[in-house]
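Take a look at the letters that make up each chain.
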Amino acid sequence: MKFSENWLRTLVPIAWNREELVSRLTMAGLEVESLQAIGADLDAIVCARILEAAPHPGADRLRVCSVDAGGDAPVTIVCGAPNARDGLMAALAPPGSRLPDGRTIEAASLRGVESMGMLCSAQELGIDQDARGLIELPDSAKPGAPVATVLELPDAIIELKLTPNRSDCLGMEGLAAEVAALASLRWTAPPAAPVAATLGANDRSVARLDAGAACPRYLGRVVEGVDMHAESPGWMRRRLIRSGLRPVNAVVDISNYVLLETGQPTHAFDLTAVGEGLAVRWAVAGESLHLLDGRTVKLDAESLVVADARGPLALAGVMGGFDSRVTDSTTALLLEAAHFAPAAIAGRTRRFGLNSDAAHRFERGVDPELPRRAMERVTALVLEVCGGRAGPVSESCLDELLPAAATIRLRQSRVSRVLGIDPGREHIQAILQSLGMRVDPDAEGWMVRVPSRRFDLAIEEDLIEEVARVVGYDTIPARVPEGAISAPELASGRVDTALAADALRHRGYVEAINFSFLDAMLLKHWKLDAAGVRLANPLATDLAVMRTALLPGLVQALERNSTRQLARLRLFECGRVFHASADGGAPVETPRIAGCAMGSASREHWEGKSEPMDFFDLKGDVQQLMALSGAASSDFDFAPRDDTPAWLHPGQSAALTRDGRVLGWLGAMSPHLRAALDLDFSVWMFEFELDALLRRGLPQAGAISRFPSVRRDLAIIVPEGIPFARIEACVREAIGPLLQEVILFDRFVGPELPPGCKSVAIGLILQDPSRTLEDQDATGAVAAAVSALECGLRARLRG
């Protein structure tokens, strides 16, 4: 919601300066997202009328203008603007003046003609982005008058980031009422007195309501004899522009202006394009509508339309039709103001790929009492600007289906308990009344009738929040709640997720928090779209499916960071993934932990060049997580499998298993997926089931051996395809409890070895808790290990 600060101040006489206004709005829950000050440095810029604009004798694109700037004699200005013409009232920066961008204007000779200043565009004045020509000021402006006075400057464009529940502040009247309540002032509503009918009734303004609660109120009014060549008033055009809307023509501008002023959308049809039998109904499958933006949409039974006997005229609450639009040749209008229920509008803009200010308001909720006021306001402005004669207002209403204003009981004791302060009975009542609520006191508090514009107030806590907003969140003291707080019970059989997160942070990973929903096409690229759960009403078309894995979102974040010149990054996330249940019930939620990395194995350092990251760097990160469980390394296994997921490189990946169960996968991204995602860097990643990975047994105390350990080293030759995990398992089984640790300290591959073989050097740490081992004990253990390796793995000692 964008608005002009000056416009707001015409409705409510606030004494706050700009900074305090912004602060009060934000602290009241109406967050100010941006603030753009305009026209603060235009004191020296004056109005000037071009008396004569003649071609420049030495330049085809320049004109020599004789300008009346309020002085004793006209001044000469050389100008290249295409709209420089006789009689135009423009803005003149005389010599010595400064423009908002810092330029100082001086007299200059342009192609042999002396120019005594510069005629300015809106962009050069810093009040708009329009640089197509000179800013055109009202003809009523007096030459020499300050431009700032004529254009109501200085001003500020304030943009609010409204939450969906505050649709009442999507109009200046609702916003003024809110600010007046915050400042304990009264605000002045723009005039909306009934306009007397000077035409007879017209059946084409009467609508049938065939959609029930989707449209329980519809107002129509015929205005004839309008002049579509009339120009919108300057004050209206300025307010529209500063609210983010471009002027189009007088009728459209008036409709947009009333939308911004009241928050109620209205629409104008060309009366000649409207036939008999006007109705608000659900579309019939197969119908189509050519919209104002030029697109043609296919309608279905869930599309609410305004139609006549021949077919749809408009997509109700969203956008008008092209064929019934107002044009320069229009002389008669059918004005519309209606109440459309949020449920009938929500989601239609996304379905058809549309976006409109009307739909933005209707899908959040518009006051059902506003259409009559908006109709009178639109009519008055049309007659004032475009002339013509108005007929009576035709109102169709289903009173029993209109939203009923809520009545809520509020207890004073409850206010004190929730807020931790007691604002006082009189203060609370004054706050509620200032917000437009009807208050009936009783012994415990009040019965409060909520105004029809506040769809977000339904329970007692909603009213308490309103009291807190107006009192000021920043005035409520921070107090520690009293009472006993029970400590959380930590499961002894599971590692806390926070410890796993800390372990990855110590390895250089940064925690990411992504949306739980993704683009269906992204999951399809990953081949993870099976059993996906689609959202009934997604936030956007690219966030339509619940995630079935954490990695797609993480890699997206990795890619976005790479475009911002980050060459080395590690990300991880702990979260839930969702799969559709086989019986059609609630989705199955599974906690997982995932990480992804790109770039070098270590940070750049003066000691030497860092090597690119490889599988074993990633494996080391995962082993840090495994160690948290306290389980022996032999309980886990890294091994390639035939069922490697499509998103992994088949030759640089492995499954992590624990007690024979697959916990997840780790490795490099598949080249096919990298190409599909258009990634120009390697990605190493892992994803595991969190609960199974972090499961741990209860620790058991044991005696520490008082006797020394013995180490024996072996160098064996084994086939290349045998992983170290199998070698370790074979040795442990052969030696038994004497073996405390197996250390891999060397790996060699070269022409000295048989083809397809590798040399592995391991250290065996032997220890007995009851005695000192002798040489024959160590020799026997080594012999048992060698025999097992020869029989089980076709290994032999390296001579």
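Residues numbered from 1 in each chain as written. Predicted model: local features only at pLDDT ≥ 70, side-chain atom pairs only at ≥ 80, totals over all residues. Heavy atoms only, no water.

Draft legend 1. View of the overall build of the protein. Secondary structure summary: the protein contains 21 helices and 39 strands in total. Against the 2.2 N^0.38 benchmark of 28 Å for 799 residues, the protein shows a C-alpha radius of gyration of 38 Å, more extended than a compact globule. Of the roughly 39,000 Å² of accessible surface on the protein, 51% is carried by carbon and sulfur atoms. A gap of 2 Å separates the mean positions of the 83 positive and 104 negative side-chain charges of the protein. (Helix = DSSP H or I, 4+ residues; strand = E, 2+ residues; numbered from the N terminus. Rg over C-alpha atoms; globule rule 2.2 N^0.38 Å. Areas by Shrake-Rupley, 256 points an atom, 1.4 Å probe, with all protein chains shown as cover. Lys, Arg positive; Asp, Glu negative; His and termini not counted. Charge placed at Lys NZ, Arg CZ, Asp CG, Glu CD.)

Draft legend 2. A look at the nonpolar core. Counting residues in hydrophobic clusters, the biggest one holds 77 residues, and the most contacted among them are Phe-3, Leu-8, Leu-25, Leu-160 and Leu-410. What Phe-3 contacts, discounting residues up to four positions off in sequence, is Leu-8, Leu-25, Ala-156, Ile-157, Ile-158, Leu-160, Met-172, Leu-175, Arg-242 and Ser-243. Core analysis: the next-biggest nonpolar cluster, separate from the first, contains 40 residues, Val-222, Ala-283, Leu-291 and Val-306 among them. (Core = buried A, V, L, I, M, F, W, Y, C linked by side-chain atoms within 4.5 Å. Buried < 20%, exposed > 50% of the residue type's maximum accessible area, 1.4 Å probe, protein only. Contact = heavy atoms within 4.5 Å.)

Draft legend 3. Focus on the environment of Phe-686. Structurally, Phe-686 can be placed in strand 35 (residues 684-689). Relative accessible area serves as the criterion here: at 0%, Phe-686 is assigned to the buried category. C-alpha separation for the pair Phe-686 and Phe-572, spaced 114 residues apart in sequence, amounts to 9.2 Å. When neighbours within four sequence positions are excluded, Phe-686 is seen to be in contact with Leu-504, Tyr-509, Leu-551, Ile-593, Ala-594, Gly-595, Leu-618, Val-622, Leu-625, Trp-665 and Leu-666.

Draft legend 4. Expanded view of the pattern of salt bridges. One pass over the structure, following the stated rule, counts 49 salt bridges. With its nearest N and O atoms 3.2 Å apart, the salt bridge here joins Glu-136 to Arg-85. Placement of Glu-136 in the loop between strand 9 (118-120) and helix 3 (147-150) and of Arg-85 in the loop between strand 5 (75-79) and strand 6 (89-93) is noted, with a sequence separation of 51 residues between them. According to the relative accessible area criterion, Glu-136 is partly exposed, its value standing at 44%. Between Glu-369 and Arg-217 there is a salt bridge; the shortest N-O distance is 3.6 Å. Remark: Arg-217 occurs in strand 12 (residues 217-224) and Glu-369 occurs in the loop between helix 9 (357-362) and helix 10 (370-386); sequence separation between them is 152 residues. (Salt bridge = Lys/Arg side-chain N within 4 Å of Asp/Glu carboxyl O.)

Draft legend 5. Local environment of the pairing of strand 17 (residues 304-308). Here strand 17 lies mainly inside the structure; five of its five residues are buried. Alternating positions in strand 17 separate into two faces, Leu-304, Val-306 and Asp-308 on one and Val-305 and Ala-307 on the other, with burial throughout. In this sheet, strand 17 lies alongside strand 14 (residues 279-282) in antiparallel orientation, the contact comprising four bridges. Along strand 17, the bridge assignment pairs Val-280 with Val-306. The pairing of strand 17 with strand 18 (residues 311-315) spans four bridges and is classified as antiparallel. Considered in strand 18, the bridge of Ala-307 is made with Pro-312. (Pairing = 2+ DSSP bridges.)

Draft legend 6. A look at the sheet that holds strand 28 (residues 533-534). Taken together, the three strands give an open sheet; going across it, the order is 27-29-28, and neighbouring strands pair in antiparallel fashion. Each of the sheet's edge strands pairs with one partner strand only, and the pair in question is strand 27 (517-518) and strand 28. Two elements, strand 27 and strand 29 (residues 545-546), share two bridges in a ladder whose sense is antiparallel. When the sheet's bridge partners are listed, Phe-517 is paired in strand 29 with Met-546.

Draft legend 7. Looking closely at the pairing of strand 36 (residues 710-719). One ladder, built from ten bridges, connects strand 36 with strand 38 (residues 757-766); its direction is antiparallel. Looking across to strand 38, one finds that Ala-715 is bridged to Ala-761. Here strand 36 pairs with strand 39 (residues 796-797) via two bridges, running antiparallel. Bridge pairing links Ile-717 to Arg-796 in strand 39.

Draft legend 8. Structural context of the packing of aromatic side chains. One pass over the structure, following the stated rule, counts eight aromatic pairs. Ring centres of Phe-686 and Phe-688 lie 5.5 Å apart, and the angle between their planes is 15 degrees; this geometry places the pair in the stacked category. Residue Phe-688 is classed as buried on the basis of its relative accessible area of 0%. Each member of the aromatic cluster is reached from another via a ring pair, and the members are Trp-7, Trp-235 and Tyr-257. One residue, Arg-325, lies across the ring of Phe-322, its end atom 3.8 Å from the ring centre. (Phe/Tyr/Trp six-rings, centres within 6.5 Å; stacked < 30°, edge-to-face > 60°. Lys NZ or Arg CZ within 6 Å of the ring centre and 35° of its normal.)

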